[in-house]
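Coordinate analysis (summary)
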Amino acid sequence: MQRIFQIDGEETDCWLGHDGSRFVLNTPTGAVACQLDPTGLPGGYKLRAKGVVRELRLAVGPEATFVHTDGRTYEVGRVDPAERLAGSDGGASDDRLVAPMPGVVVSVAVKPGDAVEEGQPLLVIESMKLETTLTAPRDGVVAEMPFAEGDSFGLKDILAQLAPEEE
Amino acid sequence: MRRIESQIDTNAADYKANFAAMSERLKEFHARQHAARFERPQRDIDRLARQNKLGVRERLKLLLDPGTPFLEFSTLAACREYDGVVPGAGVVTGIGIVQGREVAIHANDASVKGGAWYPHTVKKVVRLLDVALENRLPVIHICDSAGGFLPLQHGVFPDRYLGGRVFRNQVKLSQANIPQIAVVGGHCTAGGAYVPTLSDYNIIIEGTGAIFLGGPPLVKAATGEEVGVQELGGAVMHTSVSGTGDYRAATEQHAFSLAREIVSQWMRTPKTIIETAAFEEPYYDPKELYGIIPKDRKTQFDMREVLARIVDGSRFHEYQPDYGTTMVCGFAHIWGYKVGILANNGVLFNDSSLKAAHFMQLCNQNRTPLVFFQNITGYMVGREYEERGIAKDGAKMLMAQGGSVVPKFTVIANASYGAGNYGMCGRAWDARTLFMWPQAEIGVMGADQAANTMADVKIRQLQREGKELTEEEIAAIREPVLEKYKRDVEAYTSTSELWDDGILDPADTRNALGMSISASLNAPIDDPHYGIFRL
């Protein structure tokens, strides 16, 4: 997937190339040769494709191009696949908060049984002169908070455990 | 390149508290900067007027292209020395634009002790000339100095990086085919006489400018000869008799228009080409940095939020986003220039050090300048990490960083402690420019740790002598140590001592970096090569 065009809400997977003399629009159903010649009017072009000639006016924006033709306006959105697919590599969130390094618990904000929301601070730890706030990886209920304020913990110790999610 | 999705809530209480704290700090910072630039005792202002001289800032205005930026270095140099009476160390340095060209500026400020060279003045000038050498920037000297400050001559004259280094660097610049102009708008006496005479071009202003190895009083004392300033070393004598001066200027305005004309005669060498993209302002407002930087230095924050307010379009291509996550590495653009960014999101572990080393090699291979954002409390300590070879992985990072051939730029954004400072291109590692944010700290360790360590040594020594100490006595030992150390690690101490090129308002960081990168491209980039990596 190199490029996605969004035309009036519908998405098409295509790629615009050039074969040395003219543009070629590669679509999932085949390649279409086309030619775009300026007419001299601001944003004005003549489009030739599949034996048809059409006059267009184009306005290019940062994320979409607006095509005016035959009294209608089409919005052609350009979607970057890297952006579209971002985040699709993220796995299911864990129920446990594991210590990223050895350290000391500075403060504990919740207790077992508390309902928490994703991103809510659970506890603050200190290690190597830095205080780090550890937050809930998802919405849920706290099952265990094994360490109290002032306790030391080791690398990969479990600092907080959420109750398993009910299906 | 994708845009960073900010998670910052600008209505949150934390954000607002941070914003208020940073705004308060910046108010003080801007006031101090203004004072160092413009506030002088009336007698000094009167003296300049009596001598028919313009102030250094007015001279810069005549020299630089109107409406162009001037990247001033170390405005607050010496702010914690000499009881604060030598603002800016008595000299203005920076990178400015003359006839469309980037040039390095070295201008004496005669409103400060007659422009005398204090130890910190020399340090600031030597640093500027090093910047000129590294970046191949032509230099314009504006000379107006009473000479070395005699009571402190030991700190001005004898050592390797003191007075002589100014002239040595001038020779090296000339040897490297980097042109220099000196505008003599005051006396250049003794060593100071070599600044204009080692410059390729010099201009002497009639009436105020003079060059001599010994001034009239010294000549009288040495040989008994009585001679006036103008006959001994004035503009007319030097430009028509001795040939020491090249151009005679009737006024200051005349002198600086001549200097501009000379710059326009120089050959323009093309700049080094690196990847660029169309210029784009950050999507997120740089002023939001004030609310992101925690008011308590110990509080962790996500450097991606900082980068989102510095780089073009807030766009960042992150490298190895799931490995060694305390080290954020990736590509971005600043002022359209492609850069590789290394930013700390916590302590350096084995994996984060290896990631940094690998990323720097990628950037060197790819001719991509490196930008470091420091918030580093150090490399991880403890048995587990030593067994995994943290010292050897740290060494790999240093080898890659120190061996980098691409230009490097450093921003000390928060903490800069211990070896982390080295790995992240601290002052000793030749960053082309290095700036600090006003709340940042620099030292071998944090203030609490240092105070405890120093107090412990003292306490154990007393205990060996058989003394038992009460809590109060321990506090009495610890507190003064802590107070002094806290002051010593502050950004104002660093900038006073020229351990950096200046303190920045965080919102100005993007522009300071853009200008630094642009200037660095006047010098070529070597092919990558390294020392031995301890694998």
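Bear in mind the structure is a predicted one, so any value in this text is a computation, not a measurement.

Observations concerning the environment of Tyr161 of chain B
Residue and element names in this part refer to chain B. Take Tyr161: it is sitting in the loop between strand S4 (139–143) and helix H5 (163–175). Tyr161 gets classed as partly exposed once you count the C-beta atoms within 10 Å, which come to 14. Residues Tyr161 and Arg127, spaced 34 residues apart in sequence, show a C-alpha to C-alpha distance of 9.4 Å.

Points about the UniProt feature "coiled-coil region" (unreviewed entry) in chain B
Per the UniProt record, "coiled-coil region" (unreviewed entry) is found at residues 452–479 of chain B. The annotated region residues 452–479 of chain B carries 79% helix and 0% strand content, and the separation between its end C-alpha atoms amounts to 10 Å.

Let's talk about the sheet that holds strand S1 (residues 71–73) of chain B
Residue and element names in this part refer to chain B. What the 7 strands build is an open sheet, ordered S1-S2-S3-S4-S5-S7-S9; its pairing is mixed. Each edge of the sheet is formed by a strand with only one pairing partner; in this case those strands are S1 and strand S9 (247–249). Recorded for the sheet is a direction-independent mean angle of 20° between the axes of neighbouring strands. Relative to strand S5 (residues 180–184), S4 runs parallel, the two sharing 5 bridges. Bridge pairing in S5 links Cys143 to Val184. Packed on one face of the sheet, helix H3 (residues 56–63) meets strand S2 (91–98), strand S3 (101–108) and S4 and runs near 160° to S3. The strands touched by helix H4 (residues 119–135) within the sheet are S1, S2, S3 and S4, with S2 carrying the most contacts at an inclination of about 25°.

Remarks on the pairing of strand S7 (residues 52–60) of chain A
When a strand is regular, its side chains alternate between the sheet's two faces. Residues and elements named next belong to chain A. Sheet topology note: the strand S6 (residues 44–49)/S7 ladder contains 6 bridges and is antiparallel. Bridging across to S7, Leu47 finds its partner in Arg54. The loop that links S6 with its antiparallel partner S7 comprises 2 residues; one of these, Lys50, has a positive phi angle of about 50°. Bridging between S7 and strand S8 (residues 64–69) involves 4 bridges; their strand directions are antiparallel.

Regarding helix H1 (residues 13–38) of chain B
Residues spaced three or four apart along an α-helix face the same direction, because each turn holds 3.6 residues. Residue and element names in this part refer to chain B. In this model H1 runs 37 Å from its N-terminal to its C-terminal C-alpha over 26 residues, within 8% of the 38 Å that 1.5 Å per residue would give. Those residues of H1 that fall on the buried side of the exposure criterion are Asn18, Met22, Phe29, Gln33 and Ala36. Buried residues along H1 sit in contact with helix H11 (289–292).

Section: the interface of chain A and chain B
Contacts between the two partners involve 12 residues from chain A, matched on the other side by 13 residues from chain B. The set of elements that each furnish at least two residues to the side of chain A that touches chain B consists of helix H1 (81–85) and strand S14 (130–135) of chain A. At 4 residues, S14 of chain A tops the list of elements feeding residues into the side of chain A that touches chain B. When its residues are assigned to classes, the side of chain A that touches chain B shows 7 nonpolar, 2 polar and 3 charged.

Structural notes on the domain arrangement of chain B
All names here are of chain B. Taken domain by domain, chain B holds domain 1 (1–39 + 271–438 + 503–534) and domain 2 (40–265). Between domain 1 and domain 2, the C-alpha centre-to-centre distance is 35 Å. Each side of the interface is counted separately: domain 1 has 16 residues, and domain 2 has 15 residues. Listing elements by their share of the side of domain 1 that touches domain 2, those giving two or more residues are H1 and helix H20 (509–520). The class makeup of the residues in the side of domain 1 that touches domain 2 is 7 nonpolar, 5 polar and 4 charged.

Quick look at the nonpolar core
Grouped together as the largest cluster of nonpolar side chains are 141 residues, with contacts concentrated most on Val183, Leu307 and Leu342 of chain B. With 7 residues, the top contributor of residues to this core is H4 of chain B. Residues lining this core come from more than one domain, with at least three contributed by each of domain 1 (1–39 + 271–438 + 503–534) and domain 2 (40–265) of chain B. Once residues lying within four places of it in the same chain are set aside, the contact partners of Leu342 of chain B are Met327, Cys329, Ala356, Phe359, Leu370, Phe372 and Met424 of chain B. With 12 residues, the next largest nonpolar core counts Val105, Val116, Leu122 and Leu162 of chain A among its residues.

Definitions and cut-offs
- Residues numbered from 1 in each chain as written.
- Chains lettered and ligands numbered in written order.
- Predicted model: local features only at pLDDT ≥ 70, side-chain atom pairs only at ≥ 80, totals over all residues.
- Helix = DSSP H or I, 4+ residues; strand = E, 2+ residues; numbered from the N terminus.
- Buried ≥ 20, exposed ≤ 12 C-beta atoms within 10 Å, placed from the backbone.
- UniProt positions renumbered as here; feature names shortened; annotations may be inferred.
- Pairing = 2+ DSSP bridges.
- Axes fitted to C-alpha atoms, helices over the stretch in contact; angles between N-to-C directions.
- Contact = placed C-beta atoms within 7 Å.
- Expected span 1.5 Å × (residues − 1).
- Nonpolar A, V, L, I, M, F, W, Y, C, P; charged D, E, K, R; others polar.
- Domains from an automatic or database assignment.
- Core = buried A, V, L, I, M, F, W, Y, C linked by C-beta atoms within 7 Å.

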